[in-house]
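# Tertiary structure, described
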Amino acid sequence: GASLHMLSALTLSCSYSLRALPDSLVCLYDLQILLLSFCHNLQNLPVSFGDLSNLRLLDLSGCRSLRLFPSSFVNLGSLENLNLSDCIRLMGIPQNFEDLQKLEYLNFAGCYRVDLPVYCLTNLVNLKCLTLSNHTDIKDFPYSFTDLKRHLYLSRWWKYNWVHTQCNLKVCCFSFFLSFRSSVF
């Protein structure tokens, strides 16, 4: 049979019956784009998920059953775009989340139960766009806003109830995919 290890983009969005990803997913060494949006029953990611070292874009928006990430998640050193919007049961992020140093776009809108330590956000040195809901629980947020603003340049990227087009992961995902596709083909 044909081997898929050279696959660079995979869309499993709206796979409503998907509860878990197979461990064999990490055999997709060249995977750069993984779209899992609206996989409502996806409960967890494989322990070895962090082995997807070339992953640049991960869309988990609308994964309503997702609660936790494996600790290996912080090994996704190439990750630039992460959409966790409307992961309503997500409880937290892994320790050392700030190790995702290439992360530029991060969306936590609708993640009402996530406990976000501000130090994680301030240590994401390449972060350009952060989208939060007014219910996202951020430890010490009011006291750290000035520091967060300095690190994230929020005066440029954040406006109340407005999302910069570069922060809209659906638009960003599509334009990223188009530029990726044109460079591959």
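Presented here is a report on the structure given in the accompanying data block. (Residues numbered from 1 in each chain as written. Predicted model: local features only at pLDDT ≥ 70, side-chain atom pairs only at ≥ 80, totals over all residues. Heavy atoms only, no water.)

Along its length, the protein chain carries 4 helices and 10 strands. Tracing the protein chain from N to C terminus, the helices and strands come up as β-β-β-β-β-β-α-β-β-α-α-β-β-α. In the protein chain, which comprises 185 residues, the proportion classed as buried is 49%. If you take every contact in the protein chain between residues at least 6 apart in sequence, the share linking residues at least 24 apart comes to 51%. With an accessible surface of roughly 9,700 Å², the protein chain has 52% of that area assigned to carbon and sulfur atoms. (Helix = DSSP H or I, 4+ residues; strand = E, 2+ residues; numbered from the N terminus. Buried < 20%, exposed > 50% of the residue type's maximum accessible area, 1.4 Å probe, protein only. Contact = heavy atoms within 4.5 Å. Areas by Shrake-Rupley, 256 points an atom, 1.4 Å probe, with all protein chains shown as cover.)

A word on the pattern of salt bridges. Under the defined criterion, the tally for this structure stands at 2 salt bridges. A salt bridge links Glu-80 to Arg-56; the nearest nitrogen and oxygen atoms lie 3.4 Å apart. Taken together, the positions of Glu-80 in the loop between β3 (57–59) and β4 (81–83) and Arg-56 in the loop between β2 (33–35) and β3 put the pair 24 residues apart, joining distant regions of the chain. Since its relative accessible area comes to 18%, Glu-80 is described here as buried. Lys-128 is the salt-bridge partner of Glu-104, the closest N and O atoms lying 3.7 Å from each other. One end of the pair, Glu-104, is in the loop between β4 and β5 (105–107); the other, Lys-128, is in the loop between α1 (118–122) and β7 (129–131), and 24 residues separate them in sequence. Here Lys-128 falls in the partly exposed class, since its relative accessible area comes to 36%. (Salt bridge = Lys/Arg side-chain N within 4 Å of Asp/Glu carboxyl O.)

The next subject is the side chain of Ser-65. Mapped onto the fold, Ser-65 is located in the loop between β3 and β4. Ser-65 has contacts with His-40, Asn-41, Leu-42, Gln-43 and Arg-89, leaving out every residue within four places of it along the chain.

The strand order β1-β2-β3-β4-β5-β7 describes an open sheet built from 6 strands, whose pairing is parallel. Pairing within the sheet leaves two strands with one partner each, and these edge strands are β1 (9–11) and β7. With direction set aside, neighbouring strand axes in the sheet form an average angle of 5°. Bridge count between β3 and β4: 3 bridges; the pairing is parallel. Each bridged residue has a counterpart across the sheet, and for Leu-57 the counterpart in β4 is Asn-81. (Pairing = 2+ DSSP bridges. Axes fitted to C-alpha atoms, helices over the stretch in contact; angles between N-to-C directions.)

What is shown is where atoms sit, not what they do.
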